[in-house]
Amino acid sequence: MTRARTAPVLATLTFNPALDLQTGVDVVEPENKLRCDTPRQDAGGGGVNVARVVGQLGGRATCILPLGGSTGDALQARLSAEGLDARVIPVAEETRQSFTVFDRSRDAEFRFVLPGPRLREREIRALETALAELSPRPDVLVASGSLPDGMDPRRLARLARVARRTGVRLALDASGEGLRAGLEAGVWLVKPNRRELQECLGRDLPDLSSRLAAARELVDDGRAAWVAVSLGREGALLVGAGFAAHALALPITPVSTVGAGDSFLAGLVWELSRARSPQEALATAVAAASATLISPGSGMARSADIRRLRPGVRIDILEGG
């Protein structure tokens, strides 16, 4: 007899990971040497951040990612230090870095994202092979983050088709042509922000009703079973078949925005994959994003903060429920 699993099997795919560096200075100004605080290093990239927050929620997700050079070695060391399961594909070029500086004089955060490596065709195929060979096969795959230079965005359409054929639910967080390609092939869940949704559909979405209609359009057309639209200070929308809800943003003072969208996606995927109600999933997602917003630099949400914030999340049911 096969033993029933008590938790979903999750995996994340990060095509363009980064070693996130964070520091602070008294003031950012030209010409003068800027004396920085002791830097903090974290493993970064969309899918990596999702896996980190899933771990804080009590789950586990296998990270599939390409790493190269000394930066890749440092990133892999951070993954090991956090106890994350990783399937690493060695690549020829150096893994990128992202650099965040907090300016205390302005109470403002400056984010510098360096270019990533150009992946060769055989390296991209190796990532796809690593995914296909995962055992047990994941119930949900989260493909999140930017695409590396030179990668055809239509690769995400291929990924969506393979996922559907093998019974894997694909959660996609992409932008531009990659987002359009994935949606045309059809995905389980997609998480655009307002700007990405506008660009994808080619029209302005000035208010909540227009954004709700746009998300409903994607669901009704079969391009996504779930559409989550992150709206910053205006909260977030979650739309599925016969369901729509709006979560209000929590009244917090953000410390850093790094990884907030990834944390939102982690909370949403973790709850929906465990067959929790969409209202519960949306509340956990907002709490996870908010917990990351109050974490310095590239630190992700902590479980204690998620639990503390979640009861304060207000959900307005717009349809179904």
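Look above for the structure.
All of the points below concern the structure found in this document. Computed from a predicted structure; not experimentally measured.

1. So, the packing of aromatic side chains
A full pass over the atoms with the stated rule returns two aromatic pairs. Consider the rings of Phe99 and Phe112, whose centres lie 6.4 Å apart with planes at 35 degrees: the pair is tilted. Placement of the pair is Phe99 in strand S6 (residues 96-103) and Phe112 in strand S7 (residues 108-113), with a sequence separation of 13 residues. Residue classification places Phe112 among the partly exposed positions, given a relative accessible area of 42%. Here the aromatic rings of Trp226 and Phe243 are separated by 6.1 Å at their centres, their planes lie at 70 degrees, and the arrangement is edge-to-face.

2. Some thoughts on the sheet that holds S7
Pairing in this open sheet of four strands is mixed, and the strands run S3-S2-S6-S7 from one edge to the other. This sheet does not close on itself; its edge strands, each paired only once, are strand S3 (40-44) and S7. Neighbour-to-neighbour, the strand axes of the sheet open up by a mean angle of 20 degrees, direction not taken into account. When strand S2 (residues 18-25) meets S6, the two strands line up parallel, connected through eight bridges. Residue Gly24 lies in a different strand from S6, and its bridge partner there is Phe102. Across the sheet, helix H2 (residues 69-81) is in contact with S2, S3 and S6; its angle to S3 comes to roughly 85 degrees.

3. Some remarks on unusual backbone geometry
Cis rather than trans, the peptide bond between Ser135 and Pro136 has omega equal to 0 degrees. Despite not being glycine, Glu31 shows a phi value in the positive range, around 75 degrees. Phi at Ala275 takes a positive value of approximately 65 degrees, unusual for a residue other than glycine. Here Ala275 is to be found in the loop between helix H8 (260-273) and helix H9 (278-293). In this structure Ala275 comes out as exposed when scored by relative accessible area, which is 71%.

4. Observations regarding helix H6 (residues 194-201)
Within H6 the residues assigned to the buried category are Glu196, Leu197, Cys200 and Leu201. Angular distribution of buried residues about the axis of H6 spans 120 degrees; they occupy a single face of the element. Those residues of H6 hidden inside the fold are in contact with helix H5 (176-185), helix H7 (208-220) and strand S11 (224-230). Between the side-chain oxygen of the N-cap and the backbone nitrogen of Arg195 there are 3.2 Å, and the N-cap of H6 in question is Asn193. Directly after H6, the chain includes Gly202, whose backbone phi takes a positive value near 70 degrees.

5. Some points on the sheet that holds strand S13 (residues 243-247)
Read from one edge to the other, the open sheet built from 10 strands follows the order S5-S4-S1-S8-S9-S10-S11-S12-S13-S14, with strand pairing classed as mixed. Two strands in the sheet have a free side with no partner beyond their single neighbour: strand S5 (86-90) and strand S14 (315-319). For this sheet, the mean inter-axis angle between neighbouring strands, taken without regard to orientation, is 20 degrees. Pairing analysis gives five bridges linking S11 to strand S12 (residues 236-240), with the strands arranged antiparallel. Within the sheet, the bridge partner assigned to Val229 lies in S12 and is Leu237.

6. Details of the packing of helix H3 (residues 121-132) against helix H4 (residues 155-165)
Relative orientation of the contacting elements H3 and H4 amounts to 20 degrees, with a least axis distance of 12 Å. Considering the angle they form, H3 stands roughly parallel to H4. Between H3 and H4 the crossing geometry is right-handed. Listed contacts from H4 to Glu121, Ile124, Arg125, Glu128 and Leu131 of H3 are Arg155, Arg158 and Leu159. For the contact of H3 with H4, a count of residues per class yields three nonpolar, no polar and five charged.

7. Side note on the nonpolar core
Counting 50 residues, the largest nonpolar core has Trp188, Leu189, Phe264, Leu268, Val269 and Leu282 as the members making the most contacts within it. For this core, the element with the highest residue contribution is H9, accounting for nine residues. Excluding anything up to four places from it in sequence, Phe264 contacts Lys191, Ala228, Ala236, Leu282, Ala285, Val286 and Ala289. Of all hydrophobic cores here, the second largest spans 45 residues; its members include Ile89, Val91, Leu172 and Ala214.

Scoring rules and cut-offs
Residues numbered from 1 in each chain as written. Predicted model: local features only at pLDDT ≥ 70, side-chain atom pairs only at ≥ 80, totals over all residues. Heavy atoms only, no water. Phe/Tyr/Trp six-rings, centres within 6.5 Å; stacked < 30°, edge-to-face > 60°. Helix = DSSP H or I, 4+ residues; strand = E, 2+ residues; numbered from the N terminus. Buried < 20%, exposed > 50% of the residue type's maximum accessible area, 1.4 Å probe, protein only. Pairing = 2+ DSSP bridges. Axes fitted to C-alpha atoms, helices over the stretch in contact; angles between N-to-C directions. Contact = heavy atoms within 4.5 Å. Arc of directions from axis to C-beta. Polar contact = N/O pair within 3.5 Å; in protein donor to acceptor, adjacent residues only side chain to side chain. Parallel < 35°, antiparallel > 145°, perpendicular 65-115°, else oblique. Left-handed = near helix turned anticlockwise from the far one by under 90°. Nonpolar A, V, L, I, M, F, W, Y, C, P; charged D, E, K, R; others polar. Core = buried A, V, L, I, M, F, W, Y, C linked by side-chain atoms within 4.5 Å.

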